[in-house]
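# Coordinates in review
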Amino acid sequence: RIFERAGLPARELMALVGLGDIVDPLKRLRPGNTLELRKTTDGRLAELRFKLNAVDTLSIARSGLDSDGGPGALEAEIVHLKTQTRRMTARGTVDGSLAQSLAEAGVPAGVATQLAHIYRYRANLSRHMHPGDRFSVVYDAEYAQGERVALGPVIAVSVPSGIRTSMFLKLW
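Here the structure is a predicted model, which is why all the values come from computation and not from measurement.

Scoring rules and cut-offs
- Residues numbered from 1 in each chain as written.
- Predicted model: local features only at pLDDT ≥ 70, side-chain atom pairs only at ≥ 80, totals over all residues.
- Heavy atoms only, no water.
- Helix = DSSP H or I, 4+ residues; strand = E, 2+ residues; numbered from the N terminus.
- Buried < 20%, exposed > 50% of the residue type's maximum accessible area, 1.4 Å probe, protein only.
- Contact = heavy atoms within 4.5 Å.
- Areas by Shrake-Rupley, 256 points an atom, 1.4 Å probe, with all protein chains shown as cover.
- Pairing = 2+ DSSP bridges.
- Axes fitted to C-alpha atoms, helices over the stretch in contact; angles between N-to-C directions.
- Core = buried A, V, L, I, M, F, W, Y, C linked by side-chain atoms within 4.5 Å.
- Arc of directions from axis to C-beta.
- Phe/Tyr/Trp six-rings, centres within 6.5 Å; stacked < 30°, edge-to-face > 60°.
- Lys NZ or Arg CZ within 6 Å of the ring centre and 35° of its normal.

### Here we look at the overall build of the chain
When helices and strands are counted, the chain shows five helices and eight strands. Listing every helix and strand of the chain by position from the N terminus yields α-α-β-β-β-β-β-α-α-α-β-β-β. Looking at the chain as a whole, 33% of its 172 residues qualify as buried. The contacts of the chain with a sequence gap of at least 6 include a subset with a gap of at least 24, amounting to 53%. Of the roughly 11200 Å² of accessible surface on the chain, a fraction of 51% belongs to carbon and sulfur atoms.

### Considerations on the sheet that holds strand β3 (residues 56-62)
Ordered by their spatial adjacency, four strands build an open sheet running β1-β2-β3-β4, and the pairing between neighbours is antiparallel. Either end of the sheet is taken by a strand with one partner, and the two such strands are β1 (35-39) and β4 (74-80). Strand-to-strand twist across the sheet, computed as the mean angle between neighbouring axes with direction ignored, equals 10 degrees.

### Observations concerning the nonpolar core
Leu102, Leu115, Phe135, Val137 and Val154 are the most contacted members of the largest nonpolar core, which has 18 residues in total. Sorting the residues of this core by element identifies α3 (98-104), α4 (109-118), β6 (134-144) and β7 (147-161) as the ones contributing at least two each. At five residues, the largest contribution of residues to this core is made by β6. The contact partners of phenylalanine 135, leaving out residues within four places of it in the chain, are Ala90, Arg91, Gly92, Thr93, Val94, Leu98, Ser101, Leu102, Ala105, Ser158, Val159 and Pro160.

### As for α4
Along α4, the residues classified as buried are Val111, Leu115 and Ile118. The arc that holds every buried residue of α4, seen down its axis, measures 60 degrees, which confines them to one face. Looking at α4, the residues exposed on the side facing more than 90 degrees away from the buried face are Ala109 and Thr113.

### Section: the packing of aromatic side chains
One pass over the full model with this rule turns up zero aromatic pairs. The ring centre of tyrosine 143 lies 4.0 Å from the NZ or CZ of arginine 86, which sits over that ring.

### Re the environment of methionine 88
Along the polypeptide, methionine 88 turns up in strand β5 (residues 84-93). A C-alpha to C-alpha distance of 7.0 Å links methionine 88 and alanine 141, two positions 53 residues apart in sequence. Other than its neighbours up to four places away in sequence, methionine 88 contacts Val137, Val138, Tyr139, Ala141 and Tyr143.

### A word on unusual backbone geometry
Of note, glutamine 145 is a non-glycine position whose phi angle comes to about 50 degrees, a positive value. By the secondary structure assignment, glutamine 145 is in the loop between β6 and β7. Under the relative-accessibility criterion, glutamine 145 is labelled exposed at 68%.

Printed below as a string of structure tokens:
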């Protein structure tokens, strides 16, 4: 129906489906997904782009001209943005709950979840934290085009509480 609403003939949909497994994500479109479509001057599909995730985009476009001088065949590829891993450090002081204090220190929720997993076999870490206790967390984050697109693992954690210091260090 999307092709129909865009004024594209059924043969264009058939050509797109004929590209194989690479176009399978288009079979699972949901309300709210965005497709970028561009048509040729004669009303055929010139280009289609569908963002799969933060770094991957399905890109379908015409390859040059055919033997009659018309638009060439459709070709599909997954365009992957180059990412950078950045080592991030956050420090803070407990003021209220540990989760709230982590958030105030700029620690993403996914990192807080990893911390809960790291300390799952110890007594409830939040219960042993007191206002004024300090913490520091080192974790990796993936960035593409200046935007954080994914969180990596927690690398190190230091949580001094009272006279004890709880530390976690990831060893490779």
